[in-house]
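# Geometric and topological summary
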Amino acid sequence: MNQHLKAVKITDKVYWVGAIDWTMRDFHGYETRRGSTYNAYLVIGEKPILIDTVKAQFKDELLTRIASVTDPKRIQYIISNHTEMDHSGCLPELIDLVKPEKVFASVNGVDALNEHFKFNQEILPMKDGDTMQLAGLKFTTLEARMLHWPDSMFTYLVDEKMLFSSDAFGMHLASSERFDDEIDQSVLEYEAAKYYANIILLYSPIVLKTLERISKLGIELKMIAPDHGPVWRKNIKRALELYKKWAEQKPTKKAVVVYDTMWQSTGKMAKAVSDGLTTAGISNKVMKLREDTRADVATELLEAGALIVGSPTLNNNIFPTLADMLTYVKGLRFKNKIAAVFGSYGWSGEANKHLREMLEAMKMPVVGEVQSKYVPSPEVLDQCFALGGQVADKLKEICRNGGAA
Ligand code: FEO
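Right, let's walk through the structure included here. (Residues numbered from 1 in each chain as written. Predicted model: local features only at pLDDT ≥ 70, side-chain atom pairs only at ≥ 80, totals over all residues. Heavy atoms only, no water.)

### As for the layout of surface pockets
The condition that has to hold: The distinction between a cavity and a pocket rests on a 1 Å grid over the protein atoms alone: a 1.4 Å probe fits inside a cavity but cannot get out, while a pocket stays open yet meets protein on both sides within 12 Å along at least five of seven lines, and a residue with an atom within 4 Å of a point counts as lining. Grid points are joined across faces, edges and corners, and a volume is the space filled by probe spheres set on the points. Each helix corresponds to a stretch of at least 4 residues labelled H or I by DSSP, and each strand to a stretch of at least 2 residues labelled E; elements are numbered beginning at the N terminus. Side-chain classes are defined by residue name, with Ala, Val, Leu, Ile, Met, Phe, Trp, Tyr, Cys and Pro counting as nonpolar, Asp, Glu, Lys and Arg as charged, and the others, Gly among them, as polar.
Put simply, the largest pocket is a space of about 290 Å³. Around the largest pocket, the lining is made up of 18 residues, and of these Met 262, Thr 313, Tyr 345, Gly 346 and Trp 347 lie nearest the centre. Mapped by element, the contributors of at least two residues to the lining of the largest pocket are helix H8 (265-279) and strand E20 (338-345). Taken together, the residues of the lining of the largest pocket sort by class into eight nonpolar, ten polar and no charged.

Structure (structure tokens):
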């Protein structure tokens, strides 16, 4: 064990006792350039209470940080907010070691935990809306089904006005800092957006309902403590506003141009489309797959109104990186986006048709397309420029009629 690892004091009663995963670069298919943290929190009441654990291989890091505050065997209660194994991975071993009096999870969490692990102790349900006294402190349970799994719940520590929000409001960001205001704000918001787009977006209707519920219950939030990344203490209002904006998915005057290319023909077309958008006053981002990842594309798309996709025809089909990206984006179920397609071909030229079909299946209406045989001529590049303008006009019209920008 590394005895240098210490808990970090969050409030008089709460310590961060999680683990920092500096080298993690892939979270089930979502590329994570900045690593991550698995946050666990030690709450000191009359007896210690542990909220969540960490990935199995970080168990010693968790135990060492707890031991810097108290003997882990003194923990009386464990609350598991979420079953996914980045938070529950060492729960069975921890229970065997600590032998807590009670272990809690949501109603769905009890089943999910038992379907993952074999426990030598019963897991008890915490019901939605219940407030209970543990070790002299008051905890309220808020079910947060599908944020991120059916078992997910938030736990509100009434005494500290602190919301333990599980995956929600989290981000994959390994850092030595533990609070939002200690981190560069552009990095903070970018990573929060990336996490939202790749993990939470699909459940946006539930996000809106949860935000409304928190507001209606009049829950005062002094801190939001998620299971990944920093604790929000200064920018709470901003975090709530961002979640509302991302969940609403209103179209904006921004387009994302995503392509791959074999001999730079589709690449030249992408640049011409971008020039058309820029000239028409539409902010845009050009992304080449194999340089940018599917997770990067999802992040940029979060606040965009249009997805413009370019692919060469390869073996009568689209380029494999486009198939990967579109399958992923389809699963996230983005709303309120328009689309356009372009691409070069040598002799058969099926790529545009396949792209169109995939985008229409994702409920992204295709407003235009351009195709080039082999290398794009100046006339074809003019058509690509015009395609950018066409998407721009459509976006402006949509935004005039109720978009966000
Ligand atoms: Fe961080 Fe859904 O687990």
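After that view, the rundown keeps rolling.
### A look at the nonpolar core
Going by this rule: We define the nonpolar core as a collection of buried residues of types Ala, Val, Leu, Ile, Met, Phe, Trp, Tyr and Cys that are connected through side-chain atoms lying within 4.5 Å of one another. Here the term buried applies to any residue with accessible area under 20% of the maximum for its type, exposed to any over 50%, and partly exposed to those in between, with areas from a 1.4 Å probe on protein chains only. Where a domain begins and ends is set by an automatic assignment or by a domain database. Any two residues whose heavy atoms approach within 4.5 Å at even a single point are treated as in contact.
Ranked by size, the top nonpolar core spans 94 residues in total, and within it Val 17, Leu 50, Tyr 196, Trp 232, Tyr 243, Met 325 and Leu 359 carry the most contacts. No other element matches the nine residues that helix H5 (residues 185-200) contributes to this core. Split by domain, the residues of this core number at least three in each of domain 1 (8-247) and domain 2 (256-393). In this structure Leu 359 touches Leu 307, Val 309, Leu 326, Ala 339, Ala 340, Val 341, Met 364 and Val 366, once residues within four positions along its chain are discounted. Counting 25 residues, the second-largest nonpolar core is a separate cluster that includes Ile 20, Phe 104, Ala 135 and Ala 174.

### What to know about a nonpolar patch on the surface
Put simply, the rule reads: Patch definition: residues above 30% relative accessible area lacking any salt bridge, with like charges linked at up to 9 Å and the nonpolar side chains Val, Leu, Ile, Met, Phe, Trp and Tyr linked at up to 5 Å. Accessible surface area values rest on a Shrake-Rupley calculation with a 1.4 Å probe, where residue burial reflects the displayed protein chains alone. For salt bridges, the criterion is a side-chain nitrogen of Lys or Arg within 4 Å of an Asp or Glu carboxyl oxygen.
Where nonpolar side chains cluster on the molecular surface, the patch consists of Trp 347, Tyr 374 and Val 375 and spans about 420 Å² of accessible area. Relative to the assigned elements, Trp 347 resides in the loop between E20 and helix H11 (351-361).

### A few points about empty space enclosed by the protein
For the structure shown, the criterion picks out one cavity of 30 Å³ or more. Estimates place the volume of the largest cavity at around 50 Å³. A class-by-class count of the residues in the lining of the largest cavity yields eight nonpolar, one polar and no charged.

### What about a positive patch on the surface?
Filter applied, for reference: In this tally, Asp and Glu contribute negative charge and Lys and Arg positive charge; neither His nor the terminal groups of the chain are included. Lysine's charge is taken at NZ, arginine's at CZ, aspartate's at CG and glutamate's at CD.
A cluster of basic residues, Lys 330, Arg 333, Lys 335 and Lys 363, forms a positive patch at the surface. Assignment of secondary structure puts Arg 333 in the loop between helix H10 (320-332) and E20. Of the residues examined, Arg 333 reaches a relative accessible area of 55% and is grouped as exposed.

### As for the pattern of salt bridges
Oppositely charged side chains can form a pair if their charged atoms are brought close together. Under the defined criterion, the tally for this structure stands at 26 salt bridges. Put simply, Glu 241 and Lys 237 hold a salt bridge, and the shortest N to O gap is 3.4 Å. Residue Glu 241 and its partner Lys 237 are both found in helix H7 (residues 236-248); the two are separated by four residues, about one turn of the helix. Taking the shortest distance from any N to any O, the salt bridge between Lys 394 and Glu 397 comes out at 3.8 Å. Taken together, the residues span about one helical turn, with Lys 394 and Glu 397 both in helix H12 (residues 378-400) at a distance of three residues. For Lys 394, a relative accessible area of 31% puts it in the partly exposed group.

### Re the packing of aromatic side chains
Note the threshold: In this scheme Phe, Tyr and Trp rings, the latter by its six-membered ring, pair at centre separations within 6.5 Å, and the angle between planes marks the pair as stacked below 30 degrees, edge-to-face above 60, and tilted otherwise. Charge-over-ring placement is defined geometrically: NZ (Lys) or CZ (Arg) within 6 Å of the ring centre, and within 35 degrees of the ring normal.
One pass over the full model with this rule turns up eight aromatic pairs. Geometrically, the ring pair formed by Tyr 196 and Trp 246 is tilted, given 5.6 Å between the ring centres and 45° between the ring planes. Of this pair, Tyr 196 sits in helix H5 while Trp 246 sits in helix H7; the two residues are 50 residues apart in sequence, bridging distant segments of the chain. Take Tyr 196: its relative accessible area is 0%, and that puts it in the buried class. Trp 246 gets classed as buried once you look at its relative accessible area, which sits at 2%. Of the aromatic side chains, those joined through ring pairs into one cluster are Phe 169, Tyr 196, Tyr 243 and Trp 246. Sitting over the ring of Phe 179, Arg 233 keeps its end group 3.7 Å from the ring centre. Residue placement shows Arg 294 over the ring face of Tyr 328; its charged tip is 5.6 Å from the ring centre.

### Some details on helix H6 (residues 204-217)
The cut-off we apply is this: Given a helix with a known number of residues, its expected span is that number minus one, times 1.5 Å. Working note: the arc is built from the helix axis to C-beta atom directions.
Over its 14 residues, H6 runs 20 Å from end to end, which matches the ideal 20 Å to within 8%, given 1.5 Å per residue. Along H6, the residues classified as buried are Ser 204, Val 207, Thr 210, Leu 211 and Ile 214. Along the axis of H6, the buried positions cluster into a sector of 110°, meaning they face one direction only. Turned more than 90 degrees from where H6 packs its buried face, Lys 209 and Lys 216 sit exposed. Buried residues along H6 sit against strand E13 (137-143), strand E14 (153-157), strand E15 (162-166), H5 and H7. Phi for Gly 218, located one or two positions after H6, is positive at around 65°.

### Looking at the packing of H5 against helix H9 (residues 294-301)
What counts is decided by this rule: The convention used is that axes are lines fitted to C-alpha atoms, helices contributing only their stretch in contact, and that angles between N-to-C directions extend from 0 to 180 degrees. Angle categories are assigned with fixed cut-offs, so that under 35 degrees is roughly parallel, over 145 is roughly antiparallel, 65 to 115 is roughly perpendicular, and the rest are oblique.
Viewed as axis vectors pointing N to C, H5 and H9 meet at an angle of 100°, and their least axial separation amounts to 8 Å. Overall, the two elements H5 and H9 adopt an arrangement that is roughly perpendicular. On H9, the residues that touch Tyr 190, Ala 193, Lys 194, Ala 197 and Asn 198 of H5 are Ala 295, Asp 296, Ala 298, Thr 299 and Glu 300. Across the contact of H5 with H9, the residue classes break down as five nonpolar, two polar and three charged.

### Some words on the sheet that holds E14
Worth spelling out the cut-off: Strands qualify as paired when DSSP identifies two bridges or more between them.
The mixed open sheet is built from five strands, whose spatial order is E12-E13-E14-E15-E16. Each end of this open sheet is capped by a strand with a single partner; those strands are strand E12 (131-134) and strand E16 (223-226). Here the strands of the sheet are splayed against their neighbours by 25° on average, with no regard to which way each runs. Here E13 runs beside E14; their pairing, made up of five bridges, is antiparallel. Bridged to Leu 142 within E14 is Phe 154.

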